[in-house]
Amino acid sequence: MNVLIKNANIITPYEVLYGFELAVEGTKIKDIAPCGKLQEENFDKIIDAKGNYLAPGFIDIHTHANSGHDTMDATFEALCAMADFYCKNGVTGFLATTMTASIEDTKKAIVNVADYISEQNKKHGSLDVSDNSRSQILGLHLEGPYFSPAKKGAQAPEHLKEPNADELADFIRLSKNSVKIVALAPELPGAQDAIRFLKDHGITVSAGHSDASFDIAKKAFDCGVTQVTHIFNGMRSFTHREPGIAGAALTDERVSCEMICDGIHLHPAAMKLVVNSKGKDKVILISDSMMAAGLDDGEYTLGGQKVIVKDRQARLIDGTLAGSTLTLNKAVYNMVKMVGVSLQDAVRMASLNPAKAIGVDKCKGSIEIGKDADLIIFDEELNILNVIKAY
């Protein structure tokens, strides 16, 4: 199918092209030109962006759940419902993210995602321009169970354990090699061996739910950790005498920082500090969403624990933050409105940067000729108007 998207303000990695049009041939971006340069009669479908923004689809590499469904449900029904919701909010690709749970439940979730991806791959080579596009699962993010009890956050304490390379090898086998990120606390016994093992298998290691000191964090970066999980949350607090893992991440150019930009997990000044420290290339916007995303306030669960959602805040009974109800389009909006980041840089933090983190940036994450036509159209308020999905 050949598709023309006209009358668009196109957000590329480098600039916003006002009054441009974009051609899709098959599943790839074929051409980008000023409006009126491409011949409409050469296209099977024409989409009029009506002066709105055309951007790469967002990629959420840390998200557990939404719309009453969770990765840990270990059902196709849950993953389908989640994928539908993501697409409506501009996310064309995501990592199904697990929680700390029993090994048996973790394996069930891993196998379910792997089977879903196998079924999803049957769509390869197709382009969906309907109103019912579905986001694509790009792999698995294992958040836990290898975390510090001192910084467990909303992770179930009874299932926390030390990293084990043999166990990780089993997880990877069950996933059919779809594990893209493993989050762990680098100060735990066995962590360095696990980090090297994961790095050797091309898997991104994220330091999270960690009480690591500055020095231990730096050693972990030397071993192969290239990311930190939701910066400032679930980690040793930054102080001027012991900067901790947060200080190590903010001052090490090798490391990217996940960031939850809902105005709840971080004050806007903290968000700005991260952006000023890391620059536009090393900030990754995530939702860390739980099943209440897209639903009303009320009582929910996360990792088998009761969660109360009130005024968009998800908390355990003891008040601990338990994921978010954020969507990634809202995170991009918040970066622009709360932090003052340019729209093109905020989009980059939700598309190209996460694509690089999981090694899919050669085909996804930005509007460039030859890349997959994972595209979204949105207005000034970041309301998603259209989604084009390439499989």
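As a reminder, the structure under discussion sits directly above these lines.
Residues numbered from 1 in each chain as written. Predicted model: local features only at pLDDT ≥ 70, side-chain atom pairs only at ≥ 80, totals over all residues. Heavy atoms only, no water.

Draft legend 1. Looking closely at helix α5 (residues 214–223). Along α5, the positions that sit buried rather than exposed are A217, A220, F221 and C223. Down the axis of α5, the sector holding all buried residues measures 155°, keeping them to one side. α5 presents D215, K219 and D222 as exposed residues on the side facing more than 90 degrees away from its buried surface. Among the structural elements, α4 (191–200), β14 (227–228) and α6 (244–250) are those in contact with the buried residues of α5. Following α5 by one or two positions, G224 has its phi on the positive side, about 135°. (Buried < 20%, exposed > 50% of the residue type's maximum accessible area, 1.4 Å probe, protein only. Helix = DSSP H or I, 4+ residues; strand = E, 2+ residues; numbered from the N terminus. Arc of directions from axis to C-beta. Contact = heavy atoms within 4.5 Å.)

Draft legend 2. Spotlight on the sheet that holds strand β17 (residues 298–302). With antiparallel pairing, 3 strands are arranged side by side in an open sheet as β17-β18-β19. Both edges of this open sheet fall to β17 and β19 (313–316), since each of them pairs with a single strand only. Strand-to-strand twist of the sheet, defined as the mean angle between neighbouring strand axes without regard to direction, takes the value 35°. Examined bridge by bridge, β17 and strand β18 (residues 305–310) share 5 bridges and lie antiparallel to one another. Along β18, the bridge assignment pairs T301 with K306. (Pairing = 2+ DSSP bridges. Axes fitted to C-alpha atoms, helices over the stretch in contact; angles between N-to-C directions.)

Draft legend 3. Main features of the layout of surface pockets. When its volume is computed, the largest pocket comes out at roughly 290 Å³. Lining the largest pocket are 19 residues, with Q120, N121, Q136, L138 and K364 positioned closest to its centre. At the level of elements, α2 (103–120) and β11 (136–143) are the ones that each hand at least two residues to the lining of the largest pocket. If you tally residues by element for the lining of the largest pocket, the top one is β11, at 4 residues. Tallied by class, the residues present in the lining of the largest pocket amount to 5 nonpolar, 9 polar and 5 charged. (1 Å grid on protein atoms, 1.4 Å probe; cavity = no way out; pocket = protein on both sides within 12 Å on 5 of 7 lines; lining within 4 Å. Points joined across faces, edges and corners; volume = space filled by probe spheres on them. Nonpolar A, V, L, I, M, F, W, Y, C, P; charged D, E, K, R; others polar.)

Draft legend 4. The arrangement of the side chain of T92 in detail. Along the polypeptide, T92 turns up in strand β9 (residues 91–98). Beyond its immediate sequence surroundings of up to four residues, T92 is in contact with G57, F58, S135, Q136, D374, I376, V387 and K389.

Draft legend 5. How the structure looks around the nonpolar core. Counting 91 residues, the largest nonpolar core has F58, V228, I231, M259, L285, M335 and F378 as its most contacted members. Here this core takes 6 residues from helix α8 (residues 328–339), the largest share from any one element. Contact partners of V228, with chain neighbours within four places excluded, come to S206, A207, F221, M235, I245, A249, V255, S256, C257 and E258. V3, A8, V24 and I367 belong to the second-largest nonpolar core, a separate cluster that totals 20 residues. (Core = buried A, V, L, I, M, F, W, Y, C linked by side-chain atoms within 4.5 Å.)

Draft legend 6. View of the side chain of S206. For S206, the location among the structural elements is in strand β13 (residues 204–207). One polar contact links S206 to T229, side chain to side chain, over a distance of 2.7 Å. Once residues lying within four places of it in the same chain are set aside, the contact partners of S206 are I181, V182, A183, L184, Q227, V228, T229 and E258. (Polar contact = N/O pair within 3.5 Å; in protein donor to acceptor, adjacent residues only side chain to side chain.)

Draft legend 7. Representation of the pattern of salt bridges. Taken as a whole and assessed by the stated rule, the structure comprises 20 salt bridges. Here D211 and R236 are joined by a salt bridge, their closest N and O atoms 3.4 Å apart. In this pair, D211 is assigned in the loop between β13 and α5 and R236 in the loop between β14 and α6, connecting sequence segments 25 residues apart. Taking relative accessible area as the criterion, R236 reaches 26% and is therefore assigned partly exposed. Between D222 and R254 there is a salt bridge, with its nearest N and O atoms 2.9 Å apart. With D222 in helix α5 and R254 in the loop between α6 and β15 (256–260), this pair connects stretches of sequence that are 32 residues apart. You can call R254 partly exposed: its relative accessible area is 37%. By sharing partners, the salt bridges in this structure join K28, K364, D372, D374 and K389 into a single network. (Salt bridge = Lys/Arg side-chain N within 4 Å of Asp/Glu carboxyl O.)

These results come straight from atomic positions and should not be treated as a statement about function.
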